[in-house]
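Summary of structural features
The residues making up each chain are set out below.
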Amino acid sequence: MTSQISENTTWLVAVQNGQAGPYNLAQMREHWAKGQLTAESYIWRDGFDNWVQVSQTPDAEAFSGGGLAQQASVQPPAQQDAPSGQTAQPAAATDGSSGDAGQQPASFGLHQDDDYLDGVFVDLVKSSWQRHRRRQLSTEVDEVLVGGVITGVLDNGYSMIDLTSDGQNHYVRFEDIDTGNRVIFELQHLAESLLTSKVLGHEANVTIGYGQRVRDFQKTWKAVRQEMKGGYIQRADPGIITIDADMASQYIYVMVGLIWDIEDYLDAEDSYKVLYPKLGKDIGATLHSLRKYLEGRFGAAA
Amino acid sequence: MGMLDFFANRASKAELRESKDEIMVGEIIRAMSRKGWPTVHFFSNDDFQRVKFKATTDPVLSAVYVTLNRVTGSGALGSALLGSKATLFVTCEVRNYLADPDDLVAMYKTDLANLFKLSWKDVRVNHEYNAIHGTTKRVIELGSFVDKPDGVSRLVQLLDQEVGRIREKLRDYKKDGMDIG
């Protein structure tokens with residue numbers, strides 16, 4: 001390694017993704033003054049056998065205003081020897097206005113500083129986790145909402161009596177232990193993947209039902225079936241109230257299918273927080289309409 | 001959903017007596033929600049329910065799983081003979097960005113010990129890559145939580161107690177600044 005430098009000497013500096021430069025002495029002084037080039041930065045110039053830290057060369061003195069000697073043409077060692085991504089990163093290299101780092105083959109730097117390489121790896125893992133969290137949230141928003149529905153309905157005096165879920169289709173049934181009246185909530189998440197949810201939003205088919213025991217169940221049920229004997233309608237349009245019966249427990253239910261955007265019910269800043277006031281308002285209003293329909297058509301509960 | 005077949009395609013318990021485990025799971029979901037821990041996964045069938053909660057406000061834990069296994073069955077005969085017993089598993093999870101090699105060595109010894117450990121008196125600790133789990137197991141009488149006026153508050157107390165025990169056991173495995181949420 002030579003200690004001779006001149007006004008014509010140029011340096012290469014190792015940066016995050018390769019190398020930057022060449023920089024003349026004035027530019028190196030400027031980087032030094034700004035703290036972008038430090039004693040820990042790796043540099044190369046003609047006369048150096050390999051990339052070395054500034055602190056291990058006599059050049060630091062020149063960067064801070066010391067004396068000069070001569071220079072030679074720039075012929076850096078093989079790119080794979082560059083300790084890519086050192087602490088110094090000259091401004092010219094980051095804004096693309098100087099340096100040829102983008103045209104160099106990537107340095108794998110397997111023999112470079114242990115702590116530095118550990119840091120790079122940890123950064124990679126962290127950025128992967130950020131992306132992973134986004135994907136995870138996309139598959140979990142439906143469960144967060146269903147958990148919110150369960151909490152909200154229980155707060156209104158009901159108990160959960162059925163829960164079935166396969167991760168995408170969730171079916172919950174509740175009963176008011178005092179009155180025996182029942183509520184159904186079913187949700188099918190239509191956009192679990194991140195890609196689909198970015199296009200459609202987190203849309204979900206939601207069915208809300210309200211059930212009561214009615215007088216003369218068999219007769220009522222027969223009349224309801226008679227209405228549907230044509231069999232042309234396989235699925236009601238959104239907002240249309242339909243009637244069904246649970247034969248085992250002899251409950252008549254009125255139900256309505258809706259299409260929700262799950263994110264409407266979650267905090268925009270933190271999607272793991274449920275917006276209970278909106279959820280309560282929407283479910284409460286739906287149940288109110290269903291109850292009115294049921295009692296108006298079949299009379300009060302038996 | 002075809003018309004008039006909604007209930008034909010869905011499993012529904014006919015009697016409230018059969019739903020004691022669901023009633024309890026519902027109260028567990030509400031209790032966790034009150035702590036600010038949302039539900040992020042359900043797995044449920046007739047006699048087995050597992051719910052995963054994201055422990056958003058906990059300094060150590062990233063998730064809590066509550067599993068209720070009604071091993072005695074929910075039928076009238078089983079209930080009459082055996083009561084409404086169920087096994088309650090509470091599992092807490094610590095996750096770090098990276099699997100610490102030193103911890104893996106320690107956990108390997110724990111794994112070996114687990115092979116020969118039959119008792120559930122203590123917290124069982126296990127690890128899978130960067131996740132460390134602690135689990136407790138209790139056999140409970142569902143009726144003592146579901147049918148009693150103070151049942152919900154005792155349930156919340158039980159959950160807090162179990163989560164607290166496990167949290168202390170796992171605290172040392174949590175690496176500062178490595179929370180992955």
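A brief report on the enclosed structure follows. Predicted model, so just to flag it, every value in this text is computed and none were measured.

Residue and element names in this part refer to chain A. Positive phi is not limited to glycine here, since Gln 250 has a value of about 60°. Counting through the fold element by element, Gln 250 comes out in the loop between strand E9 (241-246) and strand E10 (251-261). Judged by relative accessible area, Gln 250 falls into the partly exposed class, the value being 36%.

Moving on to the layout of surface pockets. Residue and element names in this part refer to chain A. Roughly 350 Å³ of volume is contained in the largest pocket. Considering the residues around the largest pocket, the lining is formed by 20 residues, among which Arg 133, Arg 134, Leu 137, Ser 271 and Tyr 272 are closest to the centre. Elements with a minimum of two residues in the lining of the largest pocket: helix H4 (114-155) and helix H5 (194-200). Of the residues forming the lining of the largest pocket, the biggest block, 7 residues, is contributed by H4. Its residues assigned to classes, the lining of the largest pocket comprises 6 nonpolar, 7 polar and 7 charged. Estimated volume of the second largest pocket: approximately 270 Å³. What lines the second largest pocket is a set of 15 residues, and nearest its centre among them are Gly 152, Asn 156, Ile 283, Gly 284 and Leu 287. Contributing elements (two or more residues each) for the lining of the second largest pocket: H4 and helix H7 (276-298). With 7 residues, the top contributor of residues to the lining of the second largest pocket is H7. The residue makeup of the lining of the second largest pocket, split by class, is 9 nonpolar, 5 polar and 1 charged.

Our focus in this paragraph is the side chain of B:Asp58. Residues and elements named next belong to chain B. Structurally, Asp 58 can be placed in the loop between strand E2 (48-54) and strand E3 (63-69). Side-chain polar atoms of Asp 58 contact the backbone nitrogen of Leu 61, separated by 2.8 Å. In this structure the side chain of Asp 58 is engaged in a polar contact, spanning 2.6 Å, whose partner is the side chain of Arg 167. Each residue touching Asp 58, except ones within four places of it in the same chain, is listed here: Trp 37 and Arg 167.

Rules of the game
- Residues numbered from 1 in each chain as written.
- Chains lettered and ligands numbered in written order.
- Predicted model: local features only at pLDDT ≥ 70, side-chain atom pairs only at ≥ 80, totals over all residues.
- Heavy atoms only, no water.
- Helix = DSSP H or I, 4+ residues; strand = E, 2+ residues; numbered from the N terminus.
- Buried < 20%, exposed > 50% of the residue type's maximum accessible area, 1.4 Å probe, protein only.
- 1 Å grid on protein atoms, 1.4 Å probe; cavity = no way out; pocket = protein on both sides within 12 Å on 5 of 7 lines; lining within 4 Å.
- Points joined across faces, edges and corners; volume = space filled by probe spheres on them.
- Nonpolar A, V, L, I, M, F, W, Y, C, P; charged D, E, K, R; others polar.
- Polar contact = N/O pair within 3.5 Å; in protein donor to acceptor, adjacent residues only side chain to side chain.
- Contact = heavy atoms within 4.5 Å.

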